[in-house]
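Okay, here's what each chain looks like letter by letter:
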Amino acid sequence: RRYSFERYLAAKRTVDDRALNAHVWQALADAAAGRASQASVQVLELGAGIGTMAERLLDRGLLPRMEYTGIEAQAKLAQRAGHRLRAWARRRRFGVSGQGNRLVLRRGSQETRLTFRTGDVLKLAPGLRGRAEVLLAHAFLDLLDLPTALPVLLATLRPGGLFHFSLNFDGVTAFEPAIDPALDSAIESLYHRTMDERRIDGRLSGDSRTGRHLFAALRAAGAQVQAAGASDWVVTPTGGRYADDEAYFLHFIVRTLEGALRARPEFDGRLLARWVERRHRQIERGELTYIAHQLDVFGRVRVRAVSPSAPRTARRP
């Protein structure tokens, strides 16, 4: 099987929409409403992918007038985000101008300026110090070493700026029905360990319990948490069928797990291959349920953090 990361990002849009914690999102919306009278609110998203969070902000009317900058490590995805947002906005009757990765969307009194930049967020962040009023990171922070990375990222906010960090993985992966409970548990545990041991350029880059560790890391960085809650991925079939393109989402998750474990000496490769193939067949028959535990956190910065040397980032599936 061949897999497209771009299609995966599109397929998980509906999964993410269900998962986002409504209480935490409302806290962001309430705080953003106090800034809606401004001429334009500066929004920065880390790991913007193909622009689905920008679509969500516009769909939900969070900030009627904003200047949004999305940073994405992969140039192909940043380019795709520009094309996707252009087509998406026209379907929703926005006036669209601009070229490439820079767009201006207008509809009534609503005006949004969108820019998608390519680069490593931790290398670009020092040049964006103090510019953002709202900082977003969606399914992204669990790719980083929080103690060193978080102060760098929070420093992009102005004093009193808001952050919404969503879908932070927190140590639970579950596939049902079981194939072999002991084997399932061993595979899932080792998968989490690969996150904890991942290194980029010799530095730690990831944490399988980012969600729970985020609270202490935010306090240490001088930020105040104002709302938090679970944002679990739950994908299960109805009548033997998955919604939208969510079967593809599941196939991609299983493939990601296989890729993470294939070279590990702890498992016989043939045993893992059989397990993976059975999971794919369960998806094809509309039988597999997948759960991943995650947390959303909203708050604001009080004290500007000092930016340490920043590591490179990986890419979360």
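Residues numbered from 1 in each chain as written. Predicted model: local features only at pLDDT ≥ 70, side-chain atom pairs only at ≥ 80, totals over all residues. Heavy atoms only, no water.

Some details on the overall build of the chain
So, point 1. On a plain count of helices and strands, the chain comes out with 10 helices and 12 strands.
So, point 2. Dimensions of the chain, computed from the C-alpha atoms along their principal axes, are close to 60 × 45 × 35 Å.
So, point 3. Buried residues in the chain amount to 55% of all 317 residues.
So, point 4. Here the analysis covers contacts within the chain between residues at least 6 apart in sequence; of these, 82% occur between residues at least 24 apart.
So, point 5. As displayed, the chain has an accessible area near 13,600 Å², and 48% of this comes from carbon and sulfur atoms. (Helix = DSSP H or I, 4+ residues; strand = E, 2+ residues; numbered from the N terminus. Buried < 20%, exposed > 50% of the residue type's maximum accessible area, 1.4 Å probe, protein only. Contact = heavy atoms within 4.5 Å. Areas by Shrake-Rupley, 256 points an atom, 1.4 Å probe, with all protein chains shown as cover.)

Focus: the nonpolar core
So, point 1. The biggest cluster of nonpolar side chains holds 38 residues, and the ones touching the most others in it are Tyr8, Phe175, Ile187, Trp233, Phe249, Trp275 and Tyr290.
So, point 2. Those elements that provide at least two residues to this core are α1 (5-19), β7 (157-176), α7 (181-197), β11 (233-235), α9 (246-261), α10 (269-284) and β12 (289-301).
So, point 3. Looking at this core, the element that brings in the most residues is α9, giving eight residues.
So, point 4. Judged by nonpolar contacts, the second largest core, of 33 residues, contains Trp25, Ala27, Leu85 and Leu105. (Core = buried A, V, L, I, M, F, W, Y, C linked by side-chain atoms within 4.5 Å.)

Observations regarding helix α3 (residues 52-59)
So, point 1. Counting buried residues along α3, seven of its eight residues qualify, which places the element largely inside the surrounding structure.
So, point 2. Among all positions in α3, only Thr52, Met53, Ala54, Glu55, Arg56, Leu57 and Leu58 are buried.
So, point 3. Residue Gly61 follows α3 closely and has a positive phi angle near 60°.

Section: the packing of α7 against α10
So, point 1. Where α7 meets α10, the closest approach of the two axes is 12 Å, and the angle between their N-to-C directions is 100°. Relative to α10, the element α7 lies roughly perpendicular. Every residue of α10 that contacts α7 at Leu183, Asp184 and Ile187 is listed here: Leu271, Leu272, Trp275 and Arg279. (Axes fitted to C-alpha atoms, helices over the stretch in contact; angles between N-to-C directions. Parallel < 35°, antiparallel > 145°, perpendicular 65-115°, else oblique.)

Notes on the environment of Glu45
So, point 1. Inspection of the secondary structure assignment puts Glu45 in strand β1 (residues 41-46).
So, point 2. According to the relative accessible area criterion, Glu45 is buried, its value standing at 2%.
So, point 3. Along the backbone, Glu45 and Tyr68 are 23 residues apart, and their C-alpha atoms lie at a distance of 7.7 Å.
So, point 4. Excluding residues that lie within four positions of it along the chain, Glu45 makes contacts with Met53, Ala54, Tyr68, Thr69, Gly70, Ile71, Leu136 and His138.
So, point 5. In terms of polar contacts, Glu45 uses its side chain to reach the side chain of Tyr68, at 2.5 Å. (Polar contact = N/O pair within 3.5 Å; in protein donor to acceptor, adjacent residues only side chain to side chain.)

Some points on the pattern of salt bridges
So, point 1. For the structure on display, the rule yields 21 salt bridges.
So, point 2. Among the salt bridges present, the one from Asp16 reaches Lys12, with a minimum N-O distance of 2.6 Å. With Asp16 and Lys12 both in helix α1 and four residues apart, this pair spans about one turn of that helix. Take Asp16 and Lys12: they sit in the same class, and that class is buried.
So, point 3. One salt bridge in this structure joins Arg92 and Asp59, with 3.2 Å as the shortest N-O distance. Remark: Asp59 occurs in helix α3 and Arg92 occurs in the loop between α4 (75-91) and β3 (95-97); sequence separation between them is 33 residues.
So, point 4. You can call Arg92 partly exposed: its relative accessible area is 30%.
So, point 5. Its relative accessible area of 41% is what places Asp59 among the partly exposed residues.
So, point 6. Where salt bridges share partners, they join Arg13, Asp17, Glu55, Arg56, Asp59, Arg84 and Arg92 into one cluster. (Salt bridge = Lys/Arg side-chain N within 4 Å of Asp/Glu carboxyl O.)

Examining the confidence of the model for the chain
So, point 1. Per-residue pLDDT for the chain averages 92, and the proportion of residues at 70 or more is 95%.
So, point 2. Every residue in residues 303-310 is under pLDDT 50, and counting partners more than four places away or in other chains gives 24 contacts. (pLDDT = per-residue confidence, 0-100.)

Thoughts on unusual backbone geometry
Glycine aside, the phi torsion of most residues is negative, and most peptide linkages are trans.
So, point 1. Glu176 connects to Pro177 through a cis peptide bond whose omega is 5°.
So, point 2. As for its placement among the helices and strands, Pro177 is situated in the loop between β7 and α7.
So, point 3. Its identity is not glycine, yet Leu167 carries a phi of approximately 55°, on the positive side.
So, point 4. Given a relative accessible area of 0%, Leu167 falls into the buried group.
So, point 5. With a phi close to 50°, Asp244 is a non-glycine residue in the positive phi region.

Observations concerning helix α2 (residues 22-33)
So, point 1. Taking 1.5 Å as the rise per residue, α2 with 12 residues should run 16 Å; its terminal C-alpha atoms sit 16 Å apart, in good agreement.
So, point 2. Within α2, the full set of buried residues consists of Val24, Trp25, Ala27, Leu28, Ala29, Ala31 and Ala32.
So, point 3. On its buried side, α2 packs onto α3, β6 (132-138), β7, β10 (223-230) and β12.
So, point 4. A side-chain oxygen of the first residue of α2 lies 3.0 Å from the backbone nitrogen of His23; this N-cap is Asn21. (Expected span 1.5 Å × (residues − 1).)

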